[in-house]
Structure formats: structure tokens, C-alpha cells
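# Summary of structural features
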Amino acid sequence: MRRIAAHYIFPISSPPIRNGIITLDDSGMVLNLSAPSEELRESEGVEFYSGALAPGFVNAHCHLELSHLKGAIPQHTGLAGFIASLAAHRAAFSDEQARRAADLADAQLYASGTVAIGDISNSEVTFEVKSGSPVFYHTFIERFGLRREDVAPNVCMAQKLAAAAATLGLTASVTPHAPYSTLPEMYEALAQGGIWSIHNQESDDENLLFEKGEGALHELFLSMGLTPLPPTGKPSIYHTLRHAAEGQRLLLVHNTYTSATDYDAAAARCKNISWTLCPASNLYIEHALPPLRMLRAKGANIALGTDSLASNASLNLLEELKLLAKCFSDIPLSEMLRWATLGGATALGREHILGSFEKGKRPGVTLLSNLDLDKLKLTPETKSRLLTRKIPTFADNFE
Ligand SMILES: [Zn+2]
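Residues numbered from 1 in each chain as written. Predicted model: local features only at pLDDT ≥ 70, side-chain atom pairs only at ≥ 80, totals over all residues.

Moving on: the overall build of the chain. Scanning the chain from N- to C-terminus turns up 13 helices and 14 strands. The C-alpha atoms of the chain give a radius of gyration of 21 Å, which matches the 21 Å a tight globule of 399 residues would have. Based on the C-alpha atoms only, the size of the chain along its principal axes is roughly 70 × 45 × 40 Å. With 399 residues in all, the chain has 49% of them scored as buried. Counting only contacts in the chain whose residues sit at least 6 apart along the sequence, the fraction spanning at least 24 positions is 70%. (Helix = DSSP H or I, 4+ residues; strand = E, 2+ residues; numbered from the N terminus. Rg over C-alpha atoms; globule rule 2.2 N^0.38 Å. Buried ≥ 20, exposed ≤ 12 C-beta atoms within 10 Å, placed from the backbone. Contact = placed C-beta atoms within 7 Å.)

Laid out in C-alpha cells, this is it:
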């Protein structure tokens, strides 16, 4: 048994506790939360930390396999410029370079307080890193294609990758990449009942392509010798919604150019959507921020992701929280922490184990130090580190 105390505890499922103590069993399972009336100090049987305790972070959108591209792609190119640059840089590195960078990123993520990740894979290059990691990974096997002849080979590759993931004990599901990159036939062929993680409305050019058949993405596809999907007169999200079943568990990622009308249409069509935001990546690529206030007002399940090191300086959600705290200073830290923990756990279908300090869960304990404890705000100096965690076992993945 372990008793850990700090100036504040953020249980997430209930209000913050001042001078709280959390009690865990040897497996990391939460047994109890308490707030003693006397001043806390280090005493026998209690570890005391200066700062706040939160459940382990859940990064709902990451591409570990792009970790070697840190700093390689210029900022503010827009989505079309980013895609073109990514394709050119990816080919310049070996699988071994990608694997080594992924291994390092995984170790840093765990040490800084991340316990679970929704991670996109286009290949199996990171599978061994993920299967050997103490972090829980849900691997999204991502496929895309704009040519009819791409469909059968993509389905075949998705099956091959899913089998490789299963062999290594990784939880995985097959997902289309984005509406602008995926033929309707491909959506249908990839529908296998697992969670989808779809890049959605990351750029205004994505909406323009579907609404009017023009814009930078349209031009990019023509320059690559590809036929862009025909315009439908509606924003890109409707392309996804047409192919998602009502019960489809769906992470819509980015949503930088999603309107309230788009949100309502999505919520009416699909009952299990997590709106996954990657603000630092949006600033890097598009120099824009997602419609956070609209999503809050709608009561959306908000999750946070970092995207990859190709469009972000860090994979630690603490940096996303610092950015959001700077841009939306009126939003309480407790609410933002919910997005970084329970929001992501819900998105990945792991809310019964992770994301909050509730009895019976094993969410990990992340220490946030160098906070402004009077105002309960993050500061530029705030750091995060994992204090403890019981890793969900292979059997947990199939509960
Ligand atoms: Zn992404």
C-alpha cells in the first residue's frame, strides 16, 4: 500500500481536494481519497510532494512513427504544404532511425506522466517499441487512398498490420485517415467495428475542396496526378458522417474549422464522438486554434493530443495545457486536466481503468510541480512526472 499527499489533488470526477492524500494498493489501484484537517507534512507512511496530483495523462492523438522528423518541417505552411513536405522528408530516413526516435519519445512520454496514447501507425515500425512500453497504446492502423485500385491493397495491408499488432499484444483498430484522402469505397472497406480516429477539418482548404472543388489541397492532389474527390457543396465532415454507423466510436481530430452547425450534424448522426484537439500542432501548421469555446458550450467530450514531433516540439500534454491556459485563461485548470485525462481515456474506451482517481481504477499518478498554488494555475515553469502506475495488463485490453 502507498499513501501520497500533495497541496492539491485533482480527482477529475469530483472537485479538487486541498491538502489531500491518495491511497493506492500495490497494483496502483485507487483505494481511497482523503483531506485531513491538519497541515500536511511528511510523516511515517505518507509521501508528501509540493504541487498537485492528477491522474496519468492520456494523449489521444499521436504519431510515434514520425518522432524522427522533429524540426524537419517548416512552420505555418498550411496543411497542403505540410503534407507535401512530410512526404518528401519521410523517405529520407531509415526505419531504424524512426524506431530509435520512437523509443526515446516513448520513454520521455512515460517519465513525464503519460500513461496511455492513441497512436497512429501507417507501418509496423513502432510496434515493438509500443509492445515493450509501460504506456498503454491503442494503435490506429491508418489507411488512405484516392484511386479505386488502392482499395484492395489497402485492405490487405490493414489486415497484415492488424495481425502483426495482435501478435505483439497491441490493442488496435483500422481507421480511415481523413475525408479528403479517402474514397467512399475505402471507408466502407475499412469499417471493421473498431474505434476510428479521423483527421477532421484541420484546414479551411479541406472544407473548400468539398464545398467548391478548389483550394490548396485540391491543387496539391492535381499536382500529384491524383483526382480529388468531387465537391459535394458541404464541409468535409459530412464525408465521414455518411460512412460512420450510429454506434461508431469516433475520434474526430483537430476540428480547427468545425462550425457549430457541423457539430450538431455530427452529434445527431453519431452518438460516440470524442472531439480531440491538438492546439500546438494547429498553431505549427495552420497558425490557428480549434473552436474550444463552441465545443465546451456544446458539452462535447473533449480530448487532447499532441500530433507528432513533425509538427510539435513536445509530446507531453502538459505543454498543450500550458498553451491553452495562456489562450483561454478563464477556463479552470481542473476542467483542462479533465480533457488531458478522462477525456482521452473515454475516447480510447479505457475510462473504466484510466482518467480519474476513482476507487478501483488504476490511472497512474502524475505530479505537477511549480504551479501557482494560490491561483491554481500552471506557470511556464510547471513540470510533470509520473509517480506511480499499474500498467493495464494484456487481459485488461479485452475486458
Ligand atoms: Zn495527426
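So, on to the sheet that holds strand β7 (residues 136–143). Strand order in this open sheet of four strands is β5-β6-β7-β8, and the pairing throughout is parallel. Two strands in the sheet have a free side with no partner beyond their single neighbour: β5 (57–62) and β8 (171–176). Looking at each pair of strands side by side, their axes are set apart by 15 degrees on average, direction ignored. Direction of pairing for β5 relative to strand β6 (residues 114–121): parallel, over a ladder of four bridges. For V58, the partnering residue across the bridge sits in β6 and is A116. (Pairing = 2+ DSSP bridges. Axes fitted to C-alpha atoms, helices over the stretch in contact; angles between N-to-C directions.)

On to the nonpolar core, then. By size, the foremost hydrophobic cluster in this structure holds 108 residues, and its most contacted members are A116 and L251. Looking at this core element by element, the count peaks at eight residues for helix α13 (residues 333–347). Not counting residues within four places of it along the chain, the set of residues in contact with L251 comprises A60, H61, G118, I195, W196, S197, S274, T276, A303 and A347. (Core = buried A, V, L, I, M, F, W, Y, C linked by C-beta atoms within 7 Å.)

One ladder, built from seven bridges, connects strand β1 (residues 2–9) with strand β2 (residues 17–24); its direction is antiparallel. Bridging from a neighbouring strand, I4 pairs with I22 of β2. In terms of strand pairing, β1 meets strand β4 (residues 47–55) through five bridges, oriented parallel. Bridge pairing in β4 links I4 to E47.

The next point concerns the sheet that holds β4. The strand order β3-β2-β1-β4-β13-β14 describes an open sheet built from six strands, whose pairing is mixed. The sheet is open, and its two edges are formed by β3 (30–34) and β14 (383–388), each paired on a single side. The sheet shows a mean angle of 45 degrees between the axes of neighbouring strands, direction not considered.

In this model α13 runs 20 Å from its N-terminal to its C-terminal C-alpha over 15 residues, within 8% of the 21 Å that 1.5 Å per residue would give. At W339, α13 is bent by approximately 40 degrees, the largest bend along its length. Counted residue by residue, α13 has 13 buried out of 15 residues, so it is predominantly covered. Downstream of α13 by one or two residues, G349 has phi in the positive range, about 70 degrees. (Expected span 1.5 Å × (residues − 1). Bend = angle between axes of the 7 residues up to and from the residue.)

Another aspect to go through is helix α1 (residues 78–90). If you check α1, its first and last C-alpha atoms are 18 Å apart, about what 13 residues at 1.5 Å a residue would give, namely 18 Å. Contacts made by the buried residues of α1 are with α6 (204–212), α7 (216–223) and α10 (279–285).

Quick look at the domain arrangement of the chain now. Each assigned domain of the chain is listed with its residue range as follows: domain 1 (1–55 + 356–399) and domain 2 (57–354). Each of domain 1 and domain 2 has a C-alpha centre, and these two points are 29 Å apart. Contacts between the two partners involve 25 residues from domain 1, matched on the other side by 23 residues from domain 2. Listed by contribution, the elements that provide at least two residues to the side of domain 1 that touches domain 2 are β4 and β14. Per-element accounting of the side of domain 1 that touches domain 2 gives the leading share, three residues, to β14. Among the residues forming the side of domain 1 that touches domain 2, the class breakdown is 13 nonpolar, six polar and six charged. (Domains from an automatic or database assignment. Nonpolar A, V, L, I, M, F, W, Y, C, P; charged D, E, K, R; others polar.)

Further remarks concern the pairing of β4. One face of the sheet, then the other: side chains in a regular strand alternate in exactly this way. Note: β4 against strand β13 (residues 365–369), four bridges, orientation antiparallel. Paired with P55 across the two strands is V365, which belongs to β13.

What follows deals with the packing of α6 against α7. At a closest axis distance of 7 Å, the pairing of α6 and α7 adopts a crossing angle of 75 degrees. One finds that α6 runs roughly perpendicular with respect to α7. Facing α6, whose interface residues are D205, E206 and L209, α7 presents A216, L217 and H218. Of the residues in the contact of α6 with α7, the class split is three nonpolar, one polar and two charged. (Parallel < 35°, antiparallel > 145°, perpendicular 65-115°, else oblique.)

Moving on, we come to the environment of A92. Position of A92 among the secondary structure elements: in the loop between α1 and α2 (95–111). Placed 23 residues apart in sequence, A92 and L69 show a C-alpha to C-alpha distance of 10.0 Å.

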